[in-house]
Each structure stands twice: as structure tokens, then as C-alpha cells.
Amino acid sequence: MFKVGFILNGNNHRKKKFYKELSEARKALKNVEFNVIETTAQGHATSLAFEFVKEGYTHIVGVGGDGTLNEVINGIMRHDNPEVVLGILPYGTANDFVKSLKVPTNMTDMFEAVSQEKCSKIDIGVIDLENRKHYFLNIADIGIGAEVVKRVNKSTKLFGSNVTFFTAIARTFLTYKNQDVKCHTDHWDYEGKTNSLVMANGKYFGSGMCIAPKADLSDGQFSVVISGDITIKDYLKNIKKIKRGEELTHSKVEYKTASKLDLTSTESCGIEADGEFIGYMPASISVVPKKINLLTA
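Description of the structure in this document. A quick note: this is a predicted structure, and the numbers were derived from the prediction, not measured. (Residues numbered from 1 in each chain as written. Predicted model: local features only at pLDDT ≥ 70, side-chain atom pairs only at ≥ 80, totals over all residues. Heavy atoms only, no water.)

A word on helix α6 (residues 161–175)
Inference 1: The end-to-end C-alpha distance of α6, which contains 15 residues, comes to 22 Å, matching closely the 21 Å that a straight helix rising 1.5 Å per residue would cover.
Inference 2: The complete set of buried residues in α6 reads S161, T164, F165, A168, I169, T172 and F173. Down the axis of α6, the buried set is contained in an arc of 155°. They therefore lie on one face.
Inference 3: On the buried face of α6, the contacting elements are α5 (144–153) and α7 (232–243). (Helix = DSSP H or I, 4+ residues; strand = E, 2+ residues; numbered from the N terminus. Expected span 1.5 Å × (residues − 1). Buried < 20%, exposed > 50% of the residue type's maximum accessible area, 1.4 Å probe, protein only. Arc of directions from axis to C-beta. Contact = heavy atoms within 4.5 Å.)

Comments concerning the pairing of strand β4 (residues 85–90)
Inference 1: With six of six residues buried, β4 is to be regarded as a mostly interior element.
Inference 2: The alternating pattern of β4 places V85, G87 and L89 on one face and L86, I88 and P90 on the opposite face, and all of these are buried.
Inference 3: In terms of strand pairing, strand β3 (residues 59–64) meets β4 through six bridges, oriented parallel. Note on β4: the bridge partner recorded for V63 is L89.
Inference 4: Sheet analysis places β4 next to strand β18 (residues 283–295), joined by two bridges and oriented parallel. Bridging across to β18, L86 finds its partner in L294. (Pairing = 2+ DSSP bridges.)

Observations regarding the nonpolar core
Inference 1: Grouped together as the largest cluster of nonpolar side chains are 28 residues, with contacts concentrated most on I60 and I76.
Inference 2: Mapped onto this core, the elements with two or more residues apiece are α2 (44–54), α3 (66–76), β4, β5 (119–129) and β18.
Inference 3: Considering each element in turn, this core owes the most residues, five residues, to α2.
Inference 4: Sequence-distant contacts of I76, defined by excluding residues within four places in its chain, comprise A49, V53, I60, P82, V84, L86 and I292. (Core = buried A, V, L, I, M, F, W, Y, C linked by side-chain atoms within 4.5 Å.)

Considering the environment of G75
Inference 1: Tracing the chain through its elements places G75 in helix α3.
Inference 2: The class for G75 is buried, based on a relative accessible area of 0%.
Inference 3: Spatially, the C-alpha atom of G75 lies 7.2 Å from that of L48, the residues being 27 residues apart in sequence.
Inference 4: Setting aside its immediate chain neighbours within four residues, G75 contacts T46, A49 and F50.

Written out as C-alpha cells, the structure is:
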């Protein structure tokens with residue numbers, strides 16, 4: 001018997017579609033028990049995921065976007081050795097994480113994957129910050145990205161994710177000052193004025209920006225993209241290439257890999273992960289290899 005716990009973003013505008021698909025799919029279910037709980041506040045998905053694991057659910061499905069998934073994975077990781085399978089129904093605004101892999105995108109395919117026990121082991125990232133740990137599935141970055149996320153999360157997203165993110169990036173560039181950052185890894189060091197430093201487990205962020213085309217969810221390391229003292233002109237000139245997944249040839253952009261990074265700054269430099277603002281440096285960010293069982297198509 002499989003036990004599937006759905007964690008549904010309570011503010012999701014596609015809730016009716018979710019419940020309709022569930023009602024239709026449940027008629028054909030065999031050997032599957034399920035429960036649906038809607039979130040009511042920020043952080044609620046984390047506590048729900050923790051309780052589902054504690055109660056012996058075999059699968060936990062995040063129904064929403066990257067922010068919902070981030071809360072779910074942090075709830076799962078509160079357990080020392082989570083064997084639960086993480087599922088995703090991408091009902092969010094941007095859904096960047098699922099662009100890097102193949103997952104069931106509708107209820108029928110999802111329950112079929114559960115019944116056939118389809119899953120893969122993937123890496124996750126962990127941020128050690130101010131004596132606490134915060135896990136992420138997709139991408140963490142420092143610098144302008146953290147400020148963009150704060151702006152996006154205060155917006156209505158009325159015109160869709162692409163317009164929302166592009167507008168937030170452009171407006172943030174107008175006032176943002178690149179900051180002094182130091183980064184230490186086992187194999188290389190970096191220091192200088194920095195617009196952003198991206199630690200990518202998946203390839204996409206910012207509503208479809210393929211920032212790290214060589215990122216691999218199960219290779220045990222981050223794809224690191226350092227954008228140094230660049231300007232909004234540099235960004236606008238190269239935005240189409242980034243969306244196409246091309247690595248840029250630019251004197252102030254570097255592509256590296258690392259399994260752990262120690263980050264410091266003399267300034268107030270923020271960190272975001274999976275579209276959620278986490279806090280400010282200093283911080284250590286590292287890969288936890290093949291830690292999560294992910295439901296796949």
C-alpha cells in the first residue's frame with residue numbers, strides 16, 4: 001500500500017483543476033491511500049512535510065511552485081534518514097526546477113509513476129547560515145538575485161512570471177551596487193566586485209533563465225556561475241543567450257564547479273534559494289549527494 005500526501009499551496013489559483021483531476025484519477029486507484037492538506041501560511045508546507053514523513057507516508061507531493069517545493073524539502077530533511085519519495089505537480093508561477101528533469105505533470109501520470117515505483121536519487125544543496133541549515137533543490141545565489149527575489153515576492157504577478165521577473169531584474173539593476181565578495185572552495189578562490197554568484201543544482205531560475213546549462217542534478221557538485229562587476233547593459237545584451245542556455249563569453253563572467261563554497265562579504269550581501277530570501281552572508285553552501293528520492297516520469 002502506498003500512502004501519498006499532497007501539500008497544496010492554499011493560494012494556488014489552479015486549485016479547482018487539482019481537485020478535479022484528483023477526483024477523476026481516484027476512480028482507478030489501486031493500492032494507493034492519499035491525503036490532501038492545503039497550506040495556510042508561509043512555512044506551513046515545511047511542518048506538513050515533516051508530519052507526513054513521521055506518519056509513514058511513502059510519497060509527499062508538492063502542489064505549487066518552487067517556493068512550495070523548497071518548504072517541502074526542508075520538512076523532509078528534518079528527519080535524519082528520509083526514505084520518502086518527493087513528488088512534484090508544477091502548479092506554480094515559474095516552475096523552474098522541473099525544467100531540468102522529467103516528472104509527471106498530471107495526476108494520472110503521477111499515480112502511475114507511484115504504482116510503478118519510478119524514482120531517481122538526486123542531489124540537494126544545504127546552506128549553513130547563522131547556526132541553522134536551509135536546504136534547496138534547484139538554485140541558490142547571492143547578490144542581485146536575492147534582491148530580485150524580495151521584489152518579486154512583494155509583487156502581484158498579475159502579468160505572469162516572465163514579465164514579473166524581467167521587470168524586477170531591470171528595476172533592481174537601476175539601484176543595486178555590486179558588492180565585494182570572497183569565495184573559497186577546495187580547488188579555487190574568487191574575490192572581487194560581484195553582481196551575482198549562482199550555485200546551481202538545476203539549470204533554470206528566474207522564470208526560465210537557463211543560467212547553468214551544464215548543471216547536473218546527480219553529479220555531486222554545483223555548477224557555479226560568477227557574474228562580476230557587470231552592468232544592466234551587459235545583462236540586456238546577453239539575456240537572449242542566457243534563455244537559450246548558452247554560456248557567455250564575457251571577461252567578467254566565469255563558469256566553475258564546486259561541492260562546497262565558503263562565502264563572505266564586508267557588505268550586506270543577501271542569499272536566496274529556490275526563489276525564497278534566506279538571509280545574509282557569511283555562509284557555507286554545499287551539496288548533499290543523491291540525498292532525495294524524486295518521483296520521475
